[in-house]
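If you want the building blocks of each chain, they are given just below.
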Amino acid sequence: MHTEKRPREFYILAAFFTVFVLFLYGPMSAIFILSFQGPNGGLTFPMNGTSLHWFGNLFETQAVGDFGGAFQRSFTLSFMVMIVTVVVSLLAGLAFRRKFYGATALFYLAVASLVVPSIIISLGIGVLFQQLGFAPAWYTSGFGAHLTWTLPFGVLIMFAIFNRFSPSYEEAARDLGATSWQTFRFVVLPMILPSLIGVGLFGFTLSYDEFARTLMTAGTYNTLPLEIYGMTTNVTTPVLYALGTLTTLFSFIIIGSAVGIIVFINRRRGNA
Amino acid sequence: MVTVRLIGAGDGKPKREIRLPGWLPPYLQATPLALILGGFLLLPILMIIVVSFWDYDFAQMYPDFVSMNYVDTLGSWVTWKTYLNTLKFAAIVWLLTLVIGFWVAYFLAFHVRTAAMQMVLFLICTVPFMTSNIIRMISWIPVLGRNGLVNTALVKAGIVPQPIEWLLYSDFAVVLAMVHLYTLFMVTPIFNTLMRIDKSLIEAARDGGASGWQTLTNVIIPLAKPGMAIGTIFVVTLVMADFSTVQVMSGGQSASVALMMKNQMSLLQYPAAAANAAVLLVVVLLMVAAILRVVDIRKEL
């Protein structure tokens, strides 16, 4: 097959794929360029000079609200969500390898968590906290709301991984006298580590960008996406683009480091 | 294997294994997930159903058992029109993401020859979906706006005499942004099923004299159906739940069920929003149940 000449279908589809990638990245690069708009520039092209004016504008608190605080809250929340998502999904993934009463119900509950409209969960948690007399806050109600979004992804990924995981490695370890903890720690865990990092990346980015479920559950202080969502209605300067550029760069750094770690682990394993 | 060698080297002193009854571990392992979903998914939904029967005025809600909220919701012509509009978006976006998603996945699975290249191209498709939805929405403003890139190009090229108004803040913009936001949810599951198709089946079809098109329609597409079904669940539920894309991209000129809910919420009409939520939930769950009859998710992962 490798020596065959590429059929015409290949070129058509390659062109289609290229257009798709341009469609994905084109608009993003437009706001990236426009965030360097000159001080008198507007929301659209042409560029009216280039400057870092709007990035500077971002850090003057009175100009666009509490961007620094919102970023800090979002970062902390995403980090908490990431840790809990990895641990809980891993445990659930291990549980689903064996039969237990209620397994099917729990699995469909996880699927339900994915398909139930975000705004309904937001409303439900908001009203629940109100009726119980708790004040909603990003680190309590918001935290739980985010977990209902990240956990199903984590559980489904773990499910897929363990579906392809041969039990013969564990049997071999047990035959060599390993305890069940040792089998998990030295055999299973290293093998699934790259996937766990993937789950962590999902947990972090999904939480970092989430806002529909945060709407009613964030309490007094906004997370970053809520701050941006608010800005879409009342900010008419490129400062919005500057913020977009910064958070997108931050996402890229997170994705890049996760992919880097996974590649590093796989490479080291290949050499060993 | 390295991992096996590590077992002995890992610890010096022999450890005693704590013996749990064999049936217990899966229950312990599943408990955190069950508790979190119970507390932040089941309980809130039950709360919504309870509150949807409550009475309310401009300031607060009163525990009660009235069907007023449902009567108001289902009896209003606006509700039906909004549902129709939302379903219209769902249908159009579903069709577009299905067609685009299938061909992208098909290209990645069958035309990219090395696994490394496949991973790189797949990652290129994935990265934008890990960035902020709102940022990706507003990034259409400089492209589609009245003085945006598309209009400027069209006017300069002499194709249209003056900027097209309906590019931004219209149903067109809503659909475009949704396709932009949600196509990956179609690409990933379809790519996943296509990668699991045994390549010898395709060779067999070719040896049996099938043309490329016949192989596609008789072998590949039927085998890709589970992936399409899972992608459909994602896309349909995301569109049915959407309020921000409709709000931002239509500039307030179009409506969706979730946006209607959100407006009721901002007016503190929680029982009305709850009744709306209950109806929307039933509609979405029925749609998902219908799709799940076609595919068993647990087998497809």
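Caption draft 1: Region of the structure containing the overall build of chain A. Check the secondary structure of chain A and you find 11 helices and zero strands. Going from the N terminus to the C terminus, chain A shows its helices and strands as α-α-α-α-α-α-α-α-α-α-α. In terms of its C-alpha atoms, chain A occupies a principal-axis envelope of roughly 75 × 70 × 35 Å. For chain A, contacts bridging at least 24 residues in sequence account for 77% of all contacts bridging at least 6.

Caption draft 2: Structural detail: the environment of G75 of chain B. Residue and element names in this part refer to chain B. Here G75 shows up in helix 3 (residues 68–75). The class of G75 is exposed, set by 9 C-beta atoms lying within 10 Å. In the structure, G75 is positioned 55 residues away from M130 in sequence and 40 Å away in space, judged by C-alpha atoms.

Caption draft 3: Inspection of helix 9 (residues 180–209) of chain A at higher detail. Under the 1.5 Å per step criterion, the end-to-end length of helix 9 of chain A is only 38 Å for 30 residues, more than 12% shorter than the ideal 44 Å. Of all the bends found along helix 9 of chain A, the most pronounced is centred on L193 of chain A and spans about 55°, while P194 of chain A, a proline, follows it within four residues.

Caption draft 4: Representation of the packing of helix 4 (residues 67–95) of chain A against helix 9 of chain A in the model. All names here are of chain A. At a minimum axis distance of 8 Å, the contact between helix 4 and helix 9 shows a crossing angle of 140°. Taken as axis vectors, helix 4 and helix 9 run oblique relative to one another. Every pair of crossing elements has a handedness; the one defined by helix 4 and helix 9 is right-handed. Here S74, L77, S78, V81, M82, T85, V86, S89 and L90 of helix 4 come into contact with helix 9, specifically with L196, V199, G200, G203, F204, S207 and Y208. The residue makeup of the contact of helix 4 with helix 9, split by class, is nine nonpolar, seven polar and no charged.

Caption draft 5: Expanded view of the environment of F129 of chain A. Residue and element names in this part refer to chain A. The topology assignment puts F129 in helix 6 (residues 118–132). Along the sequence, F129 and S141 sit 12 residues apart, while their C-alpha atoms lie 7.5 Å from each other. Residues in contact with F129, not counting those within four places in the same chain, are F134, P136 and S141.

Caption draft 6: Geometry of unusual backbone geometry. Residues and elements named next belong to chain B. Of note in the backbone geometry, Y169 takes a positive phi value of approximately 55° without being a glycine. Along the chain, Y169 turns up in the loop between helix 8 (149–156) and helix 9 (171–182). A positive phi is found at L268, a non-glycine position, where the angle reads about 60°. Examined against the element boundaries, L268 turns out to sit in the loop between helix 14 (257–266) and helix 15 (270–292). Classification of L268 by C-beta neighbours within 10 Å gives partly exposed; the count is 14.

Caption draft 7: Looking closely at the nonpolar core. Within the largest apolar cluster, 148 residues are counted, with the highest numbers of intra-cluster contacts made by L123 of chain A together with I48, W140 and A277 of chain B. Per element, the largest residue contribution to this core is 12 residues, and it comes from helix 4 of chain A. When near neighbours in sequence (up to four residues on either side) are disregarded, L123 of chain A contacts M216 of chain A together with I48, M265, A273, A274 and A277 of chain B. Formed by five residues, the second largest nonpolar core is a distinct cluster that contains A173, A178, V187 and V188 of chain A.

Caption draft 8: Spatial organisation of the packing of helix 12 (residues 212–240) of chain B against helix 15 of chain B. All names here are of chain B. At a closest axis distance of 10 Å, the pairing of helix 12 and helix 15 adopts a crossing angle of 170°. Between helix 12 and helix 15, the interaxial angle falls into the category roughly antiparallel. Seen from helix 12, the contacting residues are A229, T232, I233, V236, T237 and M240; seen from helix 15, they are V284, M287, V288 and I291. Of the residues in the contact of helix 12 with helix 15, the class split is eight nonpolar, two polar and no charged.

The rules behind the values
- Residues numbered from 1 in each chain as written.
- Chains lettered and ligands numbered in written order.
- Predicted model: local features only at pLDDT ≥ 70, side-chain atom pairs only at ≥ 80, totals over all residues.
- Helix = DSSP H or I, 4+ residues; strand = E, 2+ residues; numbered from the N terminus.
- Contact = placed C-beta atoms within 7 Å.
- Buried ≥ 20, exposed ≤ 12 C-beta atoms within 10 Å, placed from the backbone.
- Expected span 1.5 Å × (residues − 1).
- Bend = angle between axes of the 7 residues up to and from the residue.
- Axes fitted to C-alpha atoms, helices over the stretch in contact; angles between N-to-C directions.
- Parallel < 35°, antiparallel > 145°, perpendicular 65-115°, else oblique.
- Left-handed = near helix turned anticlockwise from the far one by under 90°.
- Nonpolar A, V, L, I, M, F, W, Y, C, P; charged D, E, K, R; others polar.
- Core = buried A, V, L, I, M, F, W, Y, C linked by C-beta atoms within 7 Å.

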